[in-house]
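Structure at a glance
Spelled out, the chains give:
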Amino acid sequence: MTEWLPVYLERLVDFTPRLLESLWETGIMLFFAMIAAVLLGLPVGTLLYMTADGRPMANRLANRILNVLVNAIRSFPFLLLVIAMQPFIRQVYGRATGDPIAASFPMVVIAIALYARFVEQSLMEVPKGITETAQSMGATNRQLVFKFLYVEARSSLVIGFTTAVISFVSYSTIMGVVGGGGIGDFAIRFGYQRFETDIMYTAIVLIILLVELFQWLGLKLARKLDKR
Amino acid sequence: MIELRDITKTFSSRQENLLALNAVDLSIDTGEAFGVIGESGAGKSTLLRMVNMLERPDSGTVKVDQTDLTTLSKKELRQEQKQIGMVFQQFNLLNNLTVADNVKLPLTLHDYADPLTLDDVLAFVGLSDKKHSYPQELSGGQKQRVGIARALITRPKLLLCDEPTSALDQNTTEEVVAVLKKAHQEFKMTIVVVTHELPVVKSLCNRAALMEAGEIRQIVKINRSSSEKTIKPYLDRAREVLADD
C-alpha cells in the first residue's frame with residue numbers, strides 16, 4: 001500500500017530544483033505587484049475616494065477618468081491584457097517573453113487597479129465625522145489622508161491588501177503563456193501537459209499553502225492594528 | 001466676536017430644496033457662552049457649522065473677529081480654523097489612537113504658540129488615568145471629555161459644541177456640562193453650544209437663540225440664579241420621576 005510513497009518522494013526530489021525555481025519566479029511577480037499596489041494603487045484609490053462628489057477634492061472629471069481606467073483594466077480578460085501589453089513591454093524592457101520580470105508588467109497594472117478599488121472601499125468605511133473633524137481643525141487634504149483616514153482605515157487597508165495579494169497569486173499562474181514561469185505554470189507544464197498528476201497536485205498544494213500563509217499573516221496584522 | 005449677516009443656506013436634493021437657514025442675523029460677544037436651541041431640523045447645527053466654515057452659506061457674511069471667513073483662501077481659512085475648537089455629538093475620536101494621541105492630534109497639524117500640555121488638559125477633564133487607553137475602552141461621557149480635551153489643548157479663542165450631550169445619558173450630560181462650564185471660566189473663550197436640551201443651555205449659557213424653520217425667532221437672556229440645582233444621582237431621579245403621580 002505504501003509502495004507509491006518512495007516512488008513519489010524520488011520524483012519529488014527530481015522535480016525540486018524546478019519547483020523552487022518556479023516559486024522564485026512567482027515571488028518576483030508577486031513582489032512587483034505588491035510594490036505597485038502600495039506605491040500606486042494606494043494613491044489612486046485615495047484619489048478615487050477624495051475626488052468623488054461631496055468629498056474634499058471633489059472633481060467630477062478626474063473622478064470619472066480614474067473610474068473608467070480602473071474599470072477598464074479590471075474588466076479586461078487578464079490573458080488578453082497580458083497579450084495586449086506585449087508590444088509595450090518589448091519597448092520599455094527589451095523583451096516581452098521568457099522571464100518573470102517581463103511578466104510582472106501586466107501584474108503591476110492589474111495590481112494598481114485592483115488595490116485602488118479596495119482602498120476606495122476601505123476609506124468609504126471611515127465615518128464622515130472623521131473628515132469633518134479634520135476639516136474643523138484646519139487640516140490640509142494631505143493631513144486628512146495621512147493623519148485621519150489612513151489611521152482609521154488601516155486594518156481594513158491591510159485586509160484589502162491581503163485579498164489583493166491572493167488574487168495576484170491567481171493572476172500569476174497565467175503568466176506561463178508568455179514564458180513568465182511561476183508555480184502555476186509549473187503545475188500546468190509538468191503536471192497537466194506531461195501527465196505527472198502527483199507533481200501537479202504537489203504544486204497546487206504549495207499554492208494553497210502560499211495563499212493560507214498570506215491570509216494568516218494579513219488577518220494577524222489587521223487584528224493587531226485594529227483598536228476600534 | 002462672531003457676526004453672522006443675512007445667512008441663507010439651501011440644501012438641494014433631487015426631490016426637494018430644503019431651506020436650512022433663511023436670512024439669519026446673529027452677533028455673539030467675545031467671552032460669551034451662547035446657546036442655540038431648537039428642534040431637530042430647525043437649522044441650528046447648520047448655523048453652528050457656518051461659524052467655522054464646515055458649511056458655506058449661499059449668501060451672507062460670516063465674520064469672526066472682523067475677518068470675513070467667506071472671502072478667505074483655503075490656506076487663510078485653515079489659519080482661522082486652527083483657532084476654533086469643535087466638540088461633536090458623536091465625539092469623532094480616532095478609535096485607532098490612544099487618548100493621548102487623540103488629544104495631541106491638533107498640535108500635529110499646526111504650530112501653536114502657547115498650547116496646553118497633554119497632562120494639564122487631561123487633568124483638567126479628569127482623565128489623567130486614561131492617557132494610554134483607546135476610545136473603545138471608555139464610556140460615552142469619558143469619550144466626550146476626550147473630545148473636549150482635544151479641543152482645549154490648542155487654547156481656542158472660540159469653542160463650538162454641536163449637540164455635545166445628545167449621545168449621553170442625563171448624569172453623564174451633567175458631567176460634560178460641568179467640564180464645559182469650568183473650561184469657560186478658566187480659559188475665557190467664547191462658547192457656542194447647539195442643543196435641543198434646555199437644561200444644558202440653562203446651566204451653561206448667558207444668552208440663547210431660539211430657532212425654528214431656519215430662522216431665529218427670539219434671543220433670550222438666561223436667568224442663572226434659578227438654575228443652580230444640585231445634581232442628583234440617576235437612581236434618585238428615576239425614583240422621583242417614576243413614583244411621582
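Our structure's up above, just so we're on the same page.
Since we're looking at a predicted model, the values are computed, not measured. (Residues numbered from 1 in each chain as written. Chains lettered and ligands numbered in written order. Predicted model: local features only at pLDDT ≥ 70, side-chain atom pairs only at ≥ 80, totals over all residues. Heavy atoms only, no water.)

Next up on the list: empty space enclosed by the protein. Counted by the stated rule, this structure contains two cavities of 30 Å³ or more. For the largest cavity, the calculated volume is near 110 Å³. Together, 15 residues line the largest cavity, and Met137 of chain A together with Gly85, Met86, Arg150 and Ala151 of chain B are the ones closest to its centre. Listed by contribution, the elements that provide at least two residues to the lining of the largest cavity are helix H6 (128–136) of chain A together with strand E6 (84–87) and helix H5 (140–152) of chain B. When the residues that make up the lining of the largest cavity are grouped by side-chain class, the tally is seven nonpolar, six polar and two charged. When its volume is computed, the second largest cavity comes out at roughly 50 Å³. Forming the walls of the second largest cavity are Leu4, Leu26, Ile28, Val36, Lys44, Leu47, Leu48, Val51, Val192 and Val194 of chain B. Per-element tally for the lining of the second largest cavity: the top contributor is helix H1 (residues 44–51) of chain B, with four residues. (1 Å grid on protein atoms, 1.4 Å probe; cavity = no way out; pocket = protein on both sides within 12 Å on 5 of 7 lines; lining within 4 Å. Points joined across faces, edges and corners; volume = space filled by probe spheres on them. Helix = DSSP H or I, 4+ residues; strand = E, 2+ residues; numbered from the N terminus. Nonpolar A, V, L, I, M, F, W, Y, C, P; charged D, E, K, R; others polar.)

Attention shifts here to unusual backbone geometry. Glycine aside, a negative phi is what most residues show, and trans is what most peptide bonds show. Even without a glycine there, the phi angle at Phe195 of chain A is positive, about 60 degrees. Checked against the element boundaries, Phe195 of chain A lands in the loop between helix H8 (183–192) and helix H9 (197–225). Relative accessible area serves as the criterion here: at 73%, Phe195 of chain A is assigned to the exposed category. For Met53 of chain B, which is not a glycine, the phi torsion comes out positive at approximately 65 degrees. Structurally, Met53 of chain B can be placed in the loop between H1 and strand E4 (59–64). (Buried < 20%, exposed > 50% of the residue type's maximum accessible area, 1.4 Å probe, protein only.)

Okay, the nonpolar core next. Counting residues in hydrophobic clusters, the biggest one holds 57 residues, and the most contacted among them are Met107, Phe148, Leu149, Phe168 and Met175 of chain A. Contributing elements (two or more residues each) for this core: helix H1 (4–50), helix H3 (78–84), helix H5 (100–124), H6, helix H7 (141–172), H8 and H9 of chain A together with helix H3 (99–109) of chain B. Beyond its immediate chain neighbours, meaning those up to four positions away, Phe168 of chain A contacts Leu30, Ala33, Met34, Ala37, Met107, Ala111 and Leu114 of chain A. One finds Phe124, Leu159, Val177 and Val179 of chain B within the second-largest nonpolar core, a separate group that totals 39 residues. (Core = buried A, V, L, I, M, F, W, Y, C linked by side-chain atoms within 4.5 Å. Contact = heavy atoms within 4.5 Å.)

The next point concerns the interface of chain A and chain B. If you look at the interface, chain A gives 20 residues, while chain B gives 23 residues. Three residues, Ser136, Met137 and Lys227 of chain A, lead the burial of chain A against chain B; their summed loss comes to 30% of the area buried on that side. Along the contact surface separating chain A from chain B lie one salt bridge. Close ionic contact of Glu132 of chain A with Arg49 of chain B constitutes a salt bridge, the shortest N to O distance being 2.9 Å. The interface formed by chain A and chain B includes 13 residue pairs in polar contact (both at pLDDT 80 or more). (Buried area = accessible area lost by both parts, 1.4 Å probe. Salt bridge = Lys/Arg side-chain N within 4 Å of Asp/Glu carboxyl O. Polar contact = N/O pair within 3.5 Å; in protein donor to acceptor, adjacent residues only side chain to side chain.)

This next bit is on the packing of H5 of chain A against H7 of chain A. Residues and elements named next belong to chain A. Running from N to C, H5 and H7 cross one another at 150 degrees; their axes reach a closest spacing of 8 Å. Classified by chirality, the crossing of H7 by H5 is right-handed. Classifying every residue of the contact of H5 with H7 by side-chain character gives 16 nonpolar, six polar and no charged. (Axes fitted to C-alpha atoms, helices over the stretch in contact; angles between N-to-C directions. Left-handed = near helix turned anticlockwise from the far one by under 90°.)

Note that every value here comes from positions in space, so none of it alone points to a role or purpose.
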